[in-house]
Amino acid sequence: MSKLQNAIVGGVRTAMGYVPGNWLPGGTPDPLIERRVTLGTQQSRVDGPDKVRGAAHFAAEVPMEGLLYAACVHSTIPRGRITELDVAAAETAPGVALVMTHRNAPKMAVPPPIGLTNLKAAGNNILPVMQDAEIRWNGQTVAVVLAETQEQADLAASLIKVGYEAAVARTRFEKAKADARTPDSLMIEKNRLKKGDVAVALQAAARSVDAIYRTPWHNHTPIEPNAATIAWKGDRLTVHDATQMLNGTAGSLAKVFGIKESQVYVSSPFVGGGFGGKALWDHQILGAAAAKLAGRPVRIALSRASMVRLIGGRSPTEQRVALAAAADGRLKGLLHHGFSVKPPHSACDEAFTLTSRSLYASESFDVVQHTIDLDVLANTFMRAPGEAPGTFALESAMDELAHELGMDPIELRRRNVPDRNPVSGAPHSQSDVMLAYDLGAKRFGWDRRAAAPRSRREGEWLIGMGCATGSFPYARMPGMTVRITLDGSGHATVSSAAHEMGMGTATVQRQHTADRLGLPLESVTVTIGDTSLPFGSFAGGSSQTASLGAAINAASGKLAVELLRLAGNDTPLAGLRPAEIEFVNGGLRKIGEPSRYESFVSILKRAARDQISVTGVSSAPLEMLKFSMHSRSAIFCELLVSDVTGEVRVDRLVGCFDCGRILNPKTAASQFRGGMIMGIGMALTEEALFDERTGRVMSASIADYHVPAHLDVPDIDILWTDIPDPRTPMGARGIGEIGITGVAAAIANAAFNATGKRVRELPLTPDKFLFA
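Residues numbered from 1 in each chain as written. Predicted model: local features only at pLDDT ≥ 70, side-chain atom pairs only at ≥ 80, totals over all residues. Heavy atoms only, no water.

## Some details on the pairing of strand β26 (residues 611-617)
Turning to step 1, where the next piece is worked out: Burial of the side chains of β26 is restricted to one face: I612, V614 and G616 are buried, whereas none of Q611, S613, T615 and V617 on the reverse face is.
Turning to step 2, where the next piece is worked out: In this structure, strand β20 (residues 481-487) lies alongside β26, joined through seven bridges in antiparallel fashion. What sits directly across from V482, in β26, is G616. (Buried < 20%, exposed > 50% of the residue type's maximum accessible area, 1.4 Å probe, protein only. Helix = DSSP H or I, 4+ residues; strand = E, 2+ residues; numbered from the N terminus. Pairing = 2+ DSSP bridges.)

## Focus on the layout of surface pockets
Turning to step 1, where the next piece is worked out: A volume near 730 Å³ is recorded for the second largest pocket.
Turning to step 2, where the next piece is worked out: Of all the secondary-structure elements, those providing two or more residues to the lining of the second largest pocket are α14 (544-567) and β23 (581-584).
Turning to step 3, where the next piece is worked out: Counting residues per element, the lining of the second largest pocket draws most heavily on α14, at six residues.
Turning to step 4, where the next piece is worked out: In terms of residue class, the lining of the second largest pocket is made up of 14 nonpolar, nine polar and seven charged.
Turning to step 5, where the next piece is worked out: Residues from two domains meet in the lining of the second largest pocket; each of domain 2 (186-217 + 314-475 + 625-769) and domain 3 (476-620) gives at least three. (1 Å grid on protein atoms, 1.4 Å probe; cavity = no way out; pocket = protein on both sides within 12 Å on 5 of 7 lines; lining within 4 Å. Points joined across faces, edges and corners; volume = space filled by probe spheres on them. Nonpolar A, V, L, I, M, F, W, Y, C, P; charged D, E, K, R; others polar. Domains from an automatic or database assignment.)

## Description of the domain arrangement of the protein
Turning to step 1, where the next piece is worked out: You can read the domains of the protein as domain 1 (59-168 + 225-273 + 278-310), domain 2 (186-217 + 314-475 + 625-769) and domain 3 (476-620).
Turning to step 2, where the next piece is worked out: With centres defined by C-alpha atoms, the gap from domain 2 to domain 3 works out at 39 Å.
Turning to step 3, where the next piece is worked out: Each side of the interface is counted separately: domain 2 has 14 residues, and domain 3 has 15 residues.
Turning to step 4, where the next piece is worked out: Summed over both sides, the interface between domain 2 and domain 3 buries roughly 1,100 Å², with carbon and sulfur atoms accounting for 59% of that surface.
Turning to step 5, where the next piece is worked out: Looking only at domain 2, the three residues that lose the most surface to domain 3 are A475, P729 and M730, adding up to 43% of its buried area.
Turning to step 6, where the next piece is worked out: At the junction of domain 2 with domain 3, the criterion picks out zero salt bridges.
Turning to step 7, where the next piece is worked out: For the side of domain 2 that touches domain 3, the elements supplying multiple residues, two or more each, are β19 (461-473) and α17 (665-684).
Turning to step 8, where the next piece is worked out: Class assignment of the residues belonging to the side of domain 2 that touches domain 3 gives a composition of eight nonpolar, five polar and one charged. (Contact = heavy atoms within 4.5 Å. Buried area = accessible area lost by both parts, 1.4 Å probe. Salt bridge = Lys/Arg side-chain N within 4 Å of Asp/Glu carboxyl O.)

## Remarks on the sheet that holds β19
Turning to step 1, where the next piece is worked out: Reading across the sheet, the five strands line up as β18-β19-β27-β28-β31 and stay open at both edges, with mixed pairing between neighbours. Unpaired on one side and paired on the other, β18 (456-458) and β31 (715-720) mark the two borders of the sheet. Neighbour to neighbour, the strand axes of the sheet diverge by 25° on average, direction disregarded.
Turning to step 2, where the next piece is worked out: Where strand β27 (residues 630-642) and strand β28 (residues 648-658) come together, 10 bridges link them in antiparallel fashion. Its bridge partner lying in β28, E638 is registered against R652.
Turning to step 3, where the next piece is worked out: Across the face of the sheet, helix α12 (residues 433-444) comes into contact with β19, β27, β28 and β31 while running at roughly 30° to β27. (Axes fitted to C-alpha atoms, helices over the stretch in contact; angles between N-to-C directions.)

## Considerations on empty space enclosed by the protein
Turning to step 1, where the next piece is worked out: Counted under the stated rule, the structure contains six cavities of 30 Å³ or more.
Turning to step 2, where the next piece is worked out: In this structure, the largest cavity occupies an estimated 200 Å³ of space.
Turning to step 3, where the next piece is worked out: Contributing to the lining of the largest cavity are 20 residues, with W217, V308, V376, L377 and V697 lying nearest its centre.
Turning to step 4, where the next piece is worked out: Per-class residue counts for the lining of the largest cavity are 10 nonpolar, seven polar and three charged.
Turning to step 5, where the next piece is worked out: In this structure, the lining of the largest cavity is formed jointly by two domains, domain 1 (59-168 + 225-273 + 278-310) and domain 2 (186-217 + 314-475 + 625-769), each of which donates at least three residues.
Turning to step 6, where the next piece is worked out: Roughly 70 Å³ of internal volume is contained in the second largest cavity.
Turning to step 7, where the next piece is worked out: What lines the second largest cavity is N219, H220, T221, R304, M307, V308, S699, A700, S701, I702 and Y705.
Turning to step 8, where the next piece is worked out: When grouped by side-chain class, the residues that make up the lining of the second largest cavity number five nonpolar, five polar and one charged.
Turning to step 9, where the next piece is worked out: The residue makeup of the lining of the second largest cavity includes at least three contributed by each of domain 1 (59-168 + 225-273 + 278-310) and domain 2 (186-217 + 314-475 + 625-769).

## Notes on unusual backbone geometry
Turning to step 1, where the next piece is worked out: Going from L762 to P763, the amide bond is cis rather than trans, its omega being -5°.
Turning to step 2, where the next piece is worked out: Here P763 is to be found in the loop between α18 (743-755) and α19 (766-770).
Turning to step 3, where the next piece is worked out: The phi angle at N585 is positive, at roughly 50°, despite the residue not being glycine.
Turning to step 4, where the next piece is worked out: With phi around 65°, M730 is a residue other than glycine that occupies positive phi space.
Turning to step 5, where the next piece is worked out: As for its placement among the helices and strands, M730 is situated in the loop between β31 and α18.
Turning to step 6, where the next piece is worked out: Residue M730 is classed as buried on the basis of its relative accessible area, which comes to 1%.

## Structural notes on the sheet that holds β23
Turning to step 1, where the next piece is worked out: Across the sheet, three strands lie side by side as β23-β24-β25; this open sheet has antiparallel pairing. On the outer flanks of this sheet lie β23 and β25 (593-599), each paired with one strand and no other. Between one strand and the next, the sheet's axes are offset by a mean angle of 30°, whatever the strand orientation.
Turning to step 2, where the next piece is worked out: Along the sheet, α14 contacts β23, β24 (587-590) and β25; its crossing angle with β23, the most-contacted strand, is approximately 100°.

## With respect to helix α8 (residues 282-294)
Turning to step 1, where the next piece is worked out: Between its first and last C-alpha, α8 extends 18 Å over 13 residues, near the 18 Å set by a 1.5 Å rise per residue.
Turning to step 2, where the next piece is worked out: Extensive coverage of α8 is indicated by the burial of 10 of its 13 residues.
Turning to step 3, where the next piece is worked out: Immediately downstream of α8, the backbone of G295 shows phi near 70°, a positive value. (Expected span 1.5 Å × (residues − 1).)

## Topic: the pattern of salt bridges
Turning to step 1, where the next piece is worked out: A full pass over the atoms with the stated rule returns 46 salt bridges.
Turning to step 2, where the next piece is worked out: As a salt-bridge pair, E598 and R606 come within 2.7 Å of each other at their nearest N and O atoms.
Turning to step 3, where the next piece is worked out: What emerges from the salt-bridge pattern is a single network uniting R79, D132, E134, R136, R170, D373 and D375.

What follows is the structure, given as structure tokens:
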């Protein structure tokens, strides 16, 4: 399918080259780019009061009568078969209602994989779930215990005895490289890119760098662990889930259990952080299967250890980046090769080479990546998948090249920023990363940076400054649907099976709808978070704001048509076409003729209607195939490195973002800052310790897997260009993931400036500076 996908995408892109831009979605700039009332203002999150009062129920807090609690038993080998399974002690333990194993689990189909071709699928680990005795990774669930309390379930799970016949397992990254596969495509892009001859460019270069960069396994560690509260009523399934894929989860569970999608109801009004890990994994399937067998509702709330066993994370990467430059710093060749883990049962590409295809101009390109098949839990999307590790490698190499040239790192980037996509030639929809650099450098005080490494010291502490570019592509999902209901009082309710994971979805779309319909904020309600509402695509790829925005825009057009129809001829609006009117002051008026106006309340009252409802759908995102659409950032870091212990302390971070219009400065700054904190973790502390002898993740708690705490987080200054993208709804691009990209490289580059030691492997732990 990958070759077919390449042909289809390539064909559409070629066709788009002949289609005038104004024929496509976003062909005419959204009027709300300039006509903003509440958009662009600071608004507190509408869900904030419920959360601070404890009134917001998360997946593991939904009350149900007769609830049973689940505990999982995990395999301790990476490959083989179960030969002994003694559950007698567990079945007779206090409070136990059921022990489920492959011997008594119901028949279940393999979950359908998540992907852009099926937005009603959310599967990540595409393997049979408790259907046989085979073990496919270390941590696979071999038994589920249901009991009256969580403590009783945990105790009973500890009593189960499991014996195995081990098989030869593939668990070693370096050894598996020899059998690596080269996929035809990555996401929607062709994998292998060759333009010109990079080998010749490297030989002829005035200056070059050629190095290997490594990033480790990463685990998801959201504040809310994965959990679900599940009940059957006949053949109807209700799942209160922690998910960023409502309709995908419903569609997948329907396939697994052989029922209709309409028989599955999934609710997830609040999610305590998603970051790619809150999709469909084995625990929801196991919880639903156990609830069916027991005939009672089940709560399955994963412990941190169970999350490591059942929720995939980021694959490790090994990346070779080679840059060839002329004496003036202009790139003559860019090579980006590498390896990541992606077993056949994984649906996620860790597409770390994609950024290298668009960020810098070069006369030649050689880009490809290979995937390694290991007997491990499927890797998955995690915090800017691909771009986060990819920008670490590329931006570290750019810093190395600047040092070789004796050139300021910002100036090197300025000389290589393309005016269009350097590979396809597609025009940018909007791009001004150098303005971000100029604004950020001024705020940061880049002019105080010492060019020579190891030049600044305060006692034992070496001081350094570094910068890097962050990048993340624009995305908008097709099929996102909203319903706008306008009632007789002039109040609008927007409904969609969209997701609230802490980023302020309802808050920003309330602002958007108010401005779109010419209403005050208090006259708009946004309802999201369950599958009884119109279809919602997944919240991922920083796409939800644009997708919802496009759907609301489409619905508002339909609403204008319906209101004109209801208004009839006895109205100041008589005879007008939709293109001639605008929403304003809680009603419709003719553009340029304010006297021809009628309020929503008046129109509905005269038509004897209590309300009117319309639906709108996000169209195919063809603009993404005609234009080069990326958000960029300029990240600056100042830090200290102990010359005695090698400890790294980040003192300041500044991030300036070129992401289109900012819709709510309060929530946007929080998003950017949170992403940059994740970047600190990626740079300094986060590493899932994987034992290649056993295939087991050893860092199975937050005590072992370190994420930044408050004392690790420095002052973080956020600013943005606020230049609208004329091709996107509201002129905005997604901001959920751009914050993490570039941060690890900026920290690594600052550490080099401080110490003169180039560390190319994350995390930047003290030993790497002491013994470099």
